[in-house]
Amino acid sequence: MSTPLGLPPIAFFSLLQLVSSALPVGAYSYSEGIETLVQTGQITNLETLEHWLTQELRSGALRVETLVLRRVYEALTAGQLDHLITWNHWLSAFRETEELREQSWQMGRSLTRLLSELYPQAPELLDPAGEPWNFAVGFAIAAYLGEIDLEVAIAGYLYSWASNLVTAGVRLIPLGQTQGQKLLMNLAPVLAAAADTVMQAEERLPLCTWGMAIASMQHETLYSRLFRS
Amino acid sequence: MLDASPQPSLQPPLETFPENAAPTDRTWHGHLDLEFSHRPGETILSRSLVKAPLKVQRPFYPEGKVVCHSIMLHTAGGVVGGDRLSSHIQLQPQAQALLTTAAATKIYGDKGIPASQTIHIQVGAGASIEWLPQETIVFDGALYHQSLKVELAEGARWLGWDILRLGRSARGERFSKGEWRSHTEIWQQGRLIWVDPQWLQGGDDMLESGHGLAGCPVIGSLAFVGEEVSEEFIVSIRNLLDIDSVSVSSPAQIAVSRLMSGFLCRYRGHSTSECRQKMIQVWQRVRQVYGERSLCLPRVWQR
């Protein structure tokens, strides 16, 4: 086997493992506000779901979170381990709703526990946190340990996010499985643009979180819920 | 404006920086440096250094001496590109202050360079601040960068809001170009509790999309930080605002959720007065529960 994506084969398979929906972090139980939007008629079909996900990739908190993933990966590469905790705190404080914060912490906890079992060098990186690791930070650590290139890791993170929310949308709206796969293909150029932006960002990124914040906050009040966010 | 008549209080005279006579290059570099201190049974404005066009009115006490009310003002009528305003507000331990502004802050949009406002607030142990400025109106084409850093000591509390109108929408003006950047950080005993790095771009899809502002020209945020709030408290806020359930016919435009220590309320809509009314309700509830104090609306809002 040669070097797919420029990665050594072991790293390539680490990437597939990390972005797989089989990764046991419970991603399938979160909709990030989409359940609210479906119940209130703001997302009703493939087009409105695609619009929502596209806007998140263009001006949402996801890109900022992915930029933190990049900062953590760069800190690991530079041996600046104290930066991990700083960025982890920053992400916790950036989570403006309780459900989104709990989601990030729960998924981060599951991932970092798993890493501790998979990599002998993981526990020394992961021990010092005073609060739960956020998922994006855990993902950066996983990518570093798996020797996955930063650029590939960022694209993989965005893809696994999109894949999870398309699955949530397919269940909630509902859409056919084929439509879900079509949507995932439609999103590819937007995912690529978001990955480029995150790789090139100097410091800050355009950001508007009002719609997401209100949808996520309102999710706490839904009478019946399939999802935890 | 400042009243030069003698006052029967212990307030020191209001000082003015000497170099404030005129703006340079027709832009302003205004500064405000205020300190509030606790004395037995009262809070006083113990330091007040101002540099035009920023000023502060002599404090007043509409609800007794414990809470010092102060009104900040911008005397130049509006902010233009290149203006730099900065404020440093310090509350000594146990002090209690309410700050607001005399009028809406207008950010004009004709220069193509950013105006900035930087605010640093330090709240000492057991002190509390209510930061309730009137709305900011960002005219079409304006570039405005605001940053707010709040540092809370042990037992200190923050209640603050920020109300923004994008474009003079009452005249049908849209925010078709320009930008509003706002970076807020609230720290409690060295731990970052909430960071909010918004960056809205004029004419972008984010203003029209339901994912962003859904075409709403008015947005607001209210945060209470310093103490963990209960789920029951959040439910009571939702009941107050009648947002405990959502429906297809009226998706919510205001919502609330807990922060790590406190809570956040977000609003989007079409009316600054509606936004302020709703936020006053939330503020009143916070006062009832955490201040054991009833509402006292600054009279300057009632004009």
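Residues numbered from 1 in each chain as written. Chains lettered and ligands numbered in written order. Predicted model: local features only at pLDDT ≥ 70, side-chain atom pairs only at ≥ 80, totals over all residues. Heavy atoms only, no water.

Participant: Break down the overall build of chain A for me, with residues and values.
Facilitator: Looking only at helices and strands, one finds eleven helices and zero strands in chain A. Over its C-alpha atoms chain A spans a radius of gyration of 17 Å, differing by no more than 12% from the 17 Å that the globule rule assigns to 229 residues. In terms of its C-alpha atoms, chain A occupies a principal-axis envelope of roughly 50 × 40 × 35 Å. Per-residue burial over chain A gives 62% buried out of 229 residues. (Helix = DSSP H or I, 4+ residues; strand = E, 2+ residues; numbered from the N terminus. Rg over C-alpha atoms; globule rule 2.2 N^0.38 Å. Buried < 20%, exposed > 50% of the residue type's maximum accessible area, 1.4 Å probe, protein only.)

Participant: Lay out the overall build of chain B in plain terms, naming residues and giving numbers.
Facilitator: Across its full length, chain B carries three helices and 18 strands. In chain B, which comprises 303 residues, the share counted as buried stands at 55%. Long-range contacts, defined here as pairs at least 24 residues apart, represent 74% of the contacts in chain B between residues at least 6 apart. About 12,500 Å² of surface is accessible on chain B, with carbon and sulfur atoms providing 49% of the total. (Contact = heavy atoms within 4.5 Å. Areas by Shrake-Rupley, 256 points an atom, 1.4 Å probe, with all protein chains shown as cover.)

Participant: So what about empty space enclosed by the protein? Which residues, and what values?
Facilitator: Residues and elements named next belong to chain B. What the rule picks out here adds up to two cavities of 30 Å³ or more. Computed from the structure, the second largest cavity encloses a volume of approximately 30 Å³. Lining the second largest cavity are Val67, Gln96, Ala97, Ser128, Ile129, Glu130 and Arg293. Contributing elements (two or more residues each) for the lining of the second largest cavity: strand E7 (96-101) and strand E10 (128-131). With three residues, E10 is the single largest residue contributor to the lining of the second largest cavity. Of the residues that constitute the lining of the second largest cavity, the class distribution is three nonpolar, two polar and two charged. (1 Å grid on protein atoms, 1.4 Å probe; cavity = no way out; pocket = protein on both sides within 12 Å on 5 of 7 lines; lining within 4 Å. Points joined across faces, edges and corners; volume = space filled by probe spheres on them. Nonpolar A, V, L, I, M, F, W, Y, C, P; charged D, E, K, R; others polar.)

Participant: Before we move on, could you go through the interface of chain A and chain B and cite the residues and values that matter?
Facilitator: The interface is formed by 38 residues belonging to chain A together with 44 residues belonging to chain B. When chain A packs against chain B, close to 3,500 Å² is buried across both sides, 61% of that on carbon and sulfur atoms. Looking at the side of chain A facing chain B, the largest losses of area belong to Trp210, Ile214 and Met217 of chain A, adding up to 20% of the total buried there. Counting across the chain A and chain B interface gives four salt bridges. A salt bridge links Arg258 of chain B to Glu98 of chain A; the nearest nitrogen and oxygen atoms lie 2.9 Å apart. Counting across the interface, chain A meets chain B through 16 residue pairs in polar contact (both at pLDDT 80 or more). Elements that contribute at least two residues to the side of chain A that touches chain B include exactly helix H3 (46-59), helix H5 (82-94), helix H6 (98-118) and helix H11 (210-219) of chain A. Grouping the amino acids of the side of chain A that touches chain B by side-chain chemistry returns 15 nonpolar, 14 polar and nine charged. (Buried area = accessible area lost by both parts, 1.4 Å probe. Salt bridge = Lys/Arg side-chain N within 4 Å of Asp/Glu carboxyl O. Polar contact = N/O pair within 3.5 Å; in protein donor to acceptor, adjacent residues only side chain to side chain.)

Participant: Requested: an account of the layout of surface pockets, with residues and values cited.
Facilitator: Of the volumes computed, that of the largest pocket is approximately 740 Å³. Lining the largest pocket are 47 residues, and of these Thr101, Thr105, Gln117, Pro133 and Thr136 of chain B lie nearest its centre. Partitioned by chemical class, the residues of the lining of the largest pocket number 25 nonpolar, 18 polar and four charged. In this structure, the second largest pocket is lined by 33 residues; those nearest its centre are Glu32, Gln103, Met107, Trp161 and Asn164 of chain A. Every element with two or more residues in the lining of the second largest pocket is listed here: helix H1 (9-19), helix H4 (61-77), H6, helix H8 (135-145) and helix H9 (150-172) of chain A. At six residues, H9 of chain A tops the list of elements feeding residues into the lining of the second largest pocket. When grouped by side-chain class, the residues that make up the lining of the second largest pocket number 17 nonpolar, eleven polar and five charged.

Participant: Pulling in residues and values, what's your account of the packing of aromatic side chains?
Facilitator: Evaluation of the coordinates by the stated rule reveals 17 aromatic pairs over all chains. Pairing Phe139 of chain A with Tyr157 of chain A gives two aromatic rings, centres 5.0 Å apart and planes at 75°, and the pair type is edge-to-face. Here the residue Phe139 of chain A occupies a position in helix H8, and Tyr157 of chain A occupies one in helix H9, the gap between them amounting to 18 residues. Residues Phe139 of chain A and Tyr157 of chain A agree in their burial class; the two are buried. Ring centres 5.2 Å apart and planes at 75° place the aromatic pair Phe233 of chain B and Tyr290 of chain B in the edge-to-face group. (Phe/Tyr/Trp six-rings, centres within 6.5 Å; stacked < 30°, edge-to-face > 60°.)

Participant: An account of the nonpolar core is needed here, citing residue identities and associated values.
Facilitator: Counting 86 residues, the largest nonpolar core has Ile34, Leu53, Leu57 and Ile141 of chain A as its most contacted members. In terms of residue count, H9 of chain A provides more of this core than any other element does, 13 residues in total. Leaving out residues up to four positions away in the same chain, Leu53 of chain A has contacts with Ile34, Trp161, Leu165, Val166, Leu183 and Leu187 of chain A. In terms of nonpolar packing, the next biggest core, distinct from the first, is built from 55 residues, Met217 of chain A together with Leu148, Trp180 and Leu200 of chain B among them. (Core = buried A, V, L, I, M, F, W, Y, C linked by side-chain atoms within 4.5 Å.)

Participant: Residues and numbers for the pattern of salt bridges, please.
Facilitator: Scanning the model with the defined rule gives 20 salt bridges over all chains in all. Ionic pairing is found between Glu208 of chain B and Arg174 of chain B, a salt bridge with its closest N-O pair at 2.9 Å. Taken as a pair, Glu208 of chain B in helix H1 (residues 205-208) and Arg174 of chain B in the loop between strand E13 (157-166) and strand E14 (179-188) lie far apart in primary sequence, 34 residues in all. Judged by its relative accessible area of 46%, Glu208 of chain B falls in the partly exposed class. For Arg174 of chain B, a relative accessible area of 51% corresponds to the exposed category. Overlapping salt bridges, with partners in common, bring together Arg70, Arg71 and Glu74 of chain A in one network.

Participant: How would you explain H8 of chain A if you had to name every residue and give the values?
Facilitator: Residues and elements named next belong to chain A. Of all eleven residues in H8, ten are buried; the element is thus mostly enclosed. Within H8, burial applies to Phe135, Ala136, Val137, Gly138, Phe139, Ala140, Ile141, Ala142, Ala143 and Leu145. Its buried side turned inward, H8 meets H1, H4, H5, H6, helix H7 (122-126) and H9. Glu147, located one to two residues past H8, shows a positive phi value of around 55°.

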